[in-house]
Every structure is written in structure tokens, then in C-alpha cells.
Amino acid sequence: MEKVQELKETRDEIQNILSTATRARVKKILQDELERVEREIETEEKRAAKPTVKKPHVTLTKITSYAWDQSPKFVKIYINLPEVETLPEENISSKFTSKSMELKVLGLKGKNYHFQIINLLHPILPESSSVKVKSGRVTLLLKKDKDESWSCLTVTENLKNMKEQPKVDDKKDPGEGIMDLMRKMYDEGDDEMKRTIAKAWTESREKQNSYDPLS
């Protein structure tokens, strides 16, 4: 309301000056300015009178139970939600990025549901990914960026699997067993893991080449 009061004072001052003006050109300028200020006053008063509508807080139930499989081109995530097919289309929304996905289901038997996966194991194509709703089920179709097999859904899962790596075969030559293990980690790892292994491999070979047994 402070702005409205300031505009009204400006309007009153223009009116006072206008009442004493004698030149037609000056009167025209003052009249135009007076009309502009009056329009601003009207706009600000309407804005101040409009009630502020607070958006209700939406409580989301996290979805933790799901299944997944894959084809050469898609990773498919299945979520069972009884009667989900009865919802209007606008109650089901999704968001895809190259390394994440998010699903919201609102108003299903009085509950709102949320499902999200970040740090996907491999990049996907957001524009070619989609959601399909059938009787009691929501299916998320994540379009693979490359036709490659996924060992799991996320980088975190992959790192956990890497920590649970198999032991080196004692029957093999120790050097050969370690090399096999490194190859397996390299083949199954993500890009960051491959870069780390390649760097360690290179540094190890450089140290071996620089070693002089006669020194």
C-alpha cells in the first residue's frame, strides 16, 4: 500500500500543477502523465486486493518396491499401484534427464506417491523415455543412450558390487590372477572406474619400466 500512497501523492501534485498551467502543450503533457499515474494506482489497488492463495503442502509417499529388466534399447522399471489406471492423465507426471528419472502419482486413493532414481548407471535419452500406465501398474521406459547391457540401475549399486568382487584364484599365478581381476573390473565398471583402472595400470607399468635391478 505504500506504493499506492506515493502514486496518489504524485497524482495530487500533478493536478495542482495542471490547475495553474496556461500553455496548451504543458497541459497536454501533464494530462497524459496524470492518466498514466491513475492507471498505475488502479493496477496496484487491484493487486493489493487480490488474496494470496497458498498452495497446499503435498505429502509424498516414497515408492521403494519395484522391479526392472531390460531389452537392447530400453531399461524397463515396473511399479505396482492398484487402480492407478483410474487416475486422470494429469495426475501422473514424470521427469527424465540423461542420468536420472522421477515419477509422481497424485491422488491415488487419497495418497500421493513419489519415485526417483539419480545417478543412473549409464546415460539415457530423456526425449525418448516415457511412462505407460496399465491396470494396476506404471511402467517407466528408459531409452538407452547406447545398446549395452546394464548390470544394475545406478552407479552406487555398481560400486557396491565392485566392493564385493571375487577373490583372486589361488591356483593361478598371482600376477595373472590380478590381471584377470583388473580386466573384469574394467569391463564391468562405469567410465569413471575405467579411467581410474587405466591410470593405475599405466603408472604401474611405468614404475616397472623405470626399475633398474643393477642400481
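Sequence order as written defines residue numbering, which begins from 1 separately in each chain. Given that this is a predicted model, residues contribute local features only at a pLDDT of at least 70 and side-chain atom pairs are listed and counted only at 80 or more, while totals for whole chains, interfaces and linings are drawn from all residues. To get the side-chain values, take all heavy atoms of the structure and skip hydrogens and water.

Identification of the protein chain as Calcyclin-binding protein from Pocillopora damicornis is taken from an unreviewed UniProt entry. UniProt lists a comment for the protein chain under the heading Function (unreviewed entry), and it reads "May be involved in calcium-dependent ubiquitination and subsequent proteasomal degradation of target proteins. Probably serves as a molecular bridge in ubiquitin E3 complexes. Participates in the ubiquitin-mediated degradation of beta-catenin (CTNNB1)." UniProt positions are given in the numbering used here, feature names are shortened, and annotations may be inferred rather than shown by experiment.

Turning our attention to the sheet that holds strand β4 (residues 92-97). A pair of strands is treated as paired once DSSP finds two or more bridges between them. Each helix corresponds to a stretch of at least 4 residues labelled H or I by DSSP, and each strand to a stretch of at least 2 residues labelled E; elements are numbered beginning at the N terminus. Strand order in the open sheet made by the 4 strands is β1-β6-β5-β4, with mixed pairing throughout. Looking along the sheet, the strands with just one partner apiece sit at the ends: β1 (61-62) and β4. Sheet topology note: the β1/strand β6 (residues 111-118) ladder contains 2 bridges and is parallel. Its bridge partner being in β6, K62 is matched across the sheet by H114.

Our next topic: the packing of helix α1 (residues 2-20) against helix α2 (residues 24-49). Every axis corresponds to a line fitted to the C-alpha atoms, with the helix fit spanning only the stretch in contact, and the corresponding angles, defined between N-to-C directions, vary from 0 to 180 degrees. For the pair α1 and α2, interaxial distance at closest approach is 9 Å and the crossing angle is 160°. Relative to α2, α1 is oriented roughly antiparallel. Relative to α2, the crossing made by α1 is left-handed. Judged by residue contacts, K3, V4, L7, K8, T10, R11, I14, Q15, I17 and L18 of α1 engage K27, L30, Q31, E33, L34, V37, E38, E40, I41, E44 and E45 from α2. When the residues that make up the contact of α1 with α2 are grouped by side-chain class, the tally is 9 nonpolar, 3 polar and 9 charged. The labels follow the angle: roughly parallel below 35 degrees, roughly antiparallel above 145, roughly perpendicular from 65 to 115, and oblique for the rest. Left-handed describes a crossing whose near helix is turned anticlockwise from the far helix by less than a right angle; the clockwise case is right-handed. Residue contacts are defined here by distance: any two heavy atoms, one from each residue, within 4.5 Å place the two residues in contact. Here the term charged refers only to Asp, Glu, Lys and Arg, the term nonpolar to Ala, Val, Leu, Ile, Met, Phe, Trp, Tyr, Cys and Pro, and the term polar to all other amino acids, Gly among them.

Aromatic contacts are taken between Phe, Tyr and Trp rings whose centres are within 6.5 Å, Trp giving its six-membered ring; a plane angle under 30 degrees counts as stacked, one over 60 as edge-to-face, and the others as tilted. Applying the stated criterion across every chain, the model contains 1 aromatic pair. For the pair Y66 and F115, a centre-to-centre distance of 5.1 Å together with 65° between the ring planes defines the contact as edge-to-face. Within this pair, whereas Y66 is found in the loop between β1 and β2 (67-70), its partner F115 is found in strand β6, the two being separated by 49 residues in sequence. Judged by its relative accessible area of 35%, Y66 falls in the partly exposed class. Between buried and exposed lies partly exposed: a residue is buried under 20% and exposed over 50% of the maximum accessible area for its type, with that area taken using a 1.4 Å probe on protein chains only. Taking the relative accessible area as the measure of exposure, F115 reaches 2% and is therefore buried. Just above the ring of F74 sits the side chain of K143; from NZ or CZ to the centre is 5.9 Å. Counting as a charge over the ring demands two things of the Lys NZ or Arg CZ atom: a distance within 6 Å of the ring centre and an angle within 35 degrees of the ring normal.

A few words on the pairing of β6. Looking along a regular strand, one sees the side chains alternate between the two faces of the sheet. As defined by bridge partners, strand β5 (residues 100-108) adjoins β6 across 7 bridges and the pair is classed as antiparallel. Bridge assignment links V105 to a residue of β6, and that residue is Y113. Count of turn residues in the β5/β6 antiparallel hairpin: 2 residues, of which K109 carries a positive phi of about 50°.

Quick look at helix α3 (residues 155-163) now. Those residues of α3 that sit buried are V155, N158 and M162. Projected onto a plane normal to the axis of α3, the buried residues spread over an arc of 60° and lie on a single side. Facing away from the buried side of α3 by more than 90 degrees, the exposed set consists of T156, K160 and K163. Throughout, the arc means the angular range of directions from the helix axis out to the C-beta atoms.

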